[in-house]
Amino acid sequence: MTRRALFLTLAGAVARPAPTLEDQALYRKKGLVVHSPRPLDLETPPELLDSWITPHKRFFVRSHFYIPAVEPGRWSLEVGGLVEKPLKLPLVQLARMPQLERVVTMECAGNGRSFFEPRVAGIQWRKGAVGTARWRGVSLAGVLRQAGLRPEARHLIFDGADTATATAPDFIRSIPVEKALHPDTLIATHMNGVPLPMEHGFPARVITPGWEGAASIKWLTKITAAPEEADGFFMKTAYRYPTRPLKPGEAVDAKDLLPLTSLTVKSLITRSSGPVEGAAWAGEADITGVEVSTDGGRSWNQAQLGPDKAPFAWRRFRYGWKQGAGEPPIVMARATDSQGRTQPDTPAWNPSGYLHNIPDRLPAGRSYRPPQLAEALPEGEARQLAAEKCLACHDHALIVGQRMDPVRWTREVEKMMRWGAPVSEKEKEILARYFAEHFR
Ligand SMILES: Nc1nc2c(c(=O)[nH]1)N[C@H]1C(S)=C(S)[C@@H](COP(=O)(O)O)O[C@H]1N2
Ligand SMILES: [Mo]
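Given the structure is predicted, the values throughout are model-derived calculations rather than measurements.

### What about the domain arrangement of the chain?
For step 1, the next point in the chain: For the chain, the domain assignment lists domain 1 (3-259), domain 2 (266-363) and domain 3 (383-438).
For step 2, the next point in the chain: The centre of domain 1, based on its C-alpha atoms, is set 27 Å off from the matching centre of domain 2.
For step 3, the next point in the chain: Of the roughly 3000 Å² buried between domain 1 and domain 2, counting both surfaces, carbon and sulfur atoms make up 62%.
For step 4, the next point in the chain: Of all residues in domain 1, the largest losses of buried area upon contact with domain 2 belong to W52, F116 and Y241, amounting jointly to 25% of the total for that side.
For step 5, the next point in the chain: Here K266 and E107 are joined by a salt bridge, their closest N and O atoms 2.7 Å apart.
For step 6, the next point in the chain: Looking at the side of domain 1 that touches domain 2, the elements with two or more residues in it are β6 (100-107), β7 (130-139) and β14 (240-242).
For step 7, the next point in the chain: Ranked by residues supplied to the side of domain 1 that touches domain 2, first place goes to β6 with four residues.
For step 8, the next point in the chain: Residues that form the side of domain 1 that touches domain 2 fall into these classes: 21 nonpolar, 11 polar and 11 charged.

Structural data, given as structure tokens:
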């Protein structure tokens, strides 16, 4: 190597950007489906969800923005608003309070979104935005008792240390006081016996058992007791579900949408041959039974439920059966819960693609291609424009992973414009046309 080449190599090594927190998390999370490397959005392939407790290295990740770098010695949790005595709790103080441990299943409301027809915007999750962990921390009710919650307080608003990219709205959400005071609602500092990994909310997060994942705010820094639910996009627009059944693709008035709360009844096959195995969960309800079909739903057989259970955790199931010679079978699973609910045969379409819960089925009824990270934005009139306007805040995987018609693409670009993307009306049309042409 010449001296000049050596110099250039060393200079290159110095100039290489340091790995981001996302890079570091990705490195630990091998084998997960990468929907987006930054912000970090990872899904677990169902066959890796083969145990009651999901190891944290396999646990799905959903982040709207970048992982915040939190210095544990400087971190504290502020409790304010409608309380008698505002608090500022450093980590050491949380550690000194009585510790609770709860096994809770967490699922992203958008899990299964990619199976809705017509397709809707958002991360195109297949089946694996779900996992179960042993969360340890302090009771939220205990902290609120210390602060002296005033009777006018109806909602607890949570904010985390993550900040929005550009001028997008911050991720701030609230839960009603009844759920906040539930003895199993936690401020968790540990997951499966170790301090929360940074991608799961280090050093502290809310665990709202049985509710969809967005109610479990990560990187918690501030709790505000308030008379009303939180304001802002992530409460008033996102995570809302229609109060009446919709026809696929039907528009719905904002007044007919309510914030999501509990998860619904659902099952996941994690192994389809030898015995059929999987997991079933029902949010705040208990699983009472799981049926398995090995003939595409013509006949159903009771599966055996596993011994491990906890009030807000999934139940493992198993059906002893071995595939014979001949046609590959269609294996299905259908769960029933203590509220008498069972999984419906047709998905309940809704504009944001939440709570998809038809019986699980293998092979999947429809194939979906996850985003290819190596794949660049395709050639076209708007490639440069997209690179300038979109990739400043998020990876192109977030675009490549979507499949939408021109109307929905236009809406997505408009949302980004509302969030501060410097896109003109003319550029909006060019971008929407380009996206709809390639990602439809
Ligand atoms: N501060 C903060 N909390 C958050 C989020 C976020 O983007 N920021 N994502 C939410 C959503 S939508 C889900 S599904 C869960 C995912 O938790 P996990 O990444 O630990 O699996 O975190 C929730 N808490
Ligand atoms: Mo979510």
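### Remarks on the nonpolar core
For step 1, the next point in the chain: Ranked by size, the top nonpolar core spans 53 residues in total, and within it F158, I187 and I223 carry the most contacts.
For step 2, the next point in the chain: Of all the elements, helix α4 (residues 140-147) adds the most residues to this core, at four residues.
For step 3, the next point in the chain: Here this core gathers at least three residues from each of two domains, domain 1 (3-259) and domain 2 (266-363).
For step 4, the next point in the chain: If we skip the residues at most four places from it in the chain, I223 touches L77, E78, V79, G80, L140, L144, L156, I157, F158 and I187.
For step 5, the next point in the chain: Grouped together as the second largest cluster of nonpolar side chains are 18 residues, V400, M404, Y434 and A436 included.

Calculation notes
Residues numbered from 1 in each chain as written. Chains lettered and ligands numbered in written order. Predicted model: local features only at pLDDT ≥ 70, side-chain atom pairs only at ≥ 80, totals over all residues. Heavy atoms only, no water. Domains from an automatic or database assignment. Buried area = accessible area lost by both parts, 1.4 Å probe. Salt bridge = Lys/Arg side-chain N within 4 Å of Asp/Glu carboxyl O. Helix = DSSP H or I, 4+ residues; strand = E, 2+ residues; numbered from the N terminus. Nonpolar A, V, L, I, M, F, W, Y, C, P; charged D, E, K, R; others polar. Core = buried A, V, L, I, M, F, W, Y, C linked by side-chain atoms within 4.5 Å. Buried < 20%, exposed > 50% of the residue type's maximum accessible area, 1.4 Å probe, protein only. Contact = heavy atoms within 4.5 Å.

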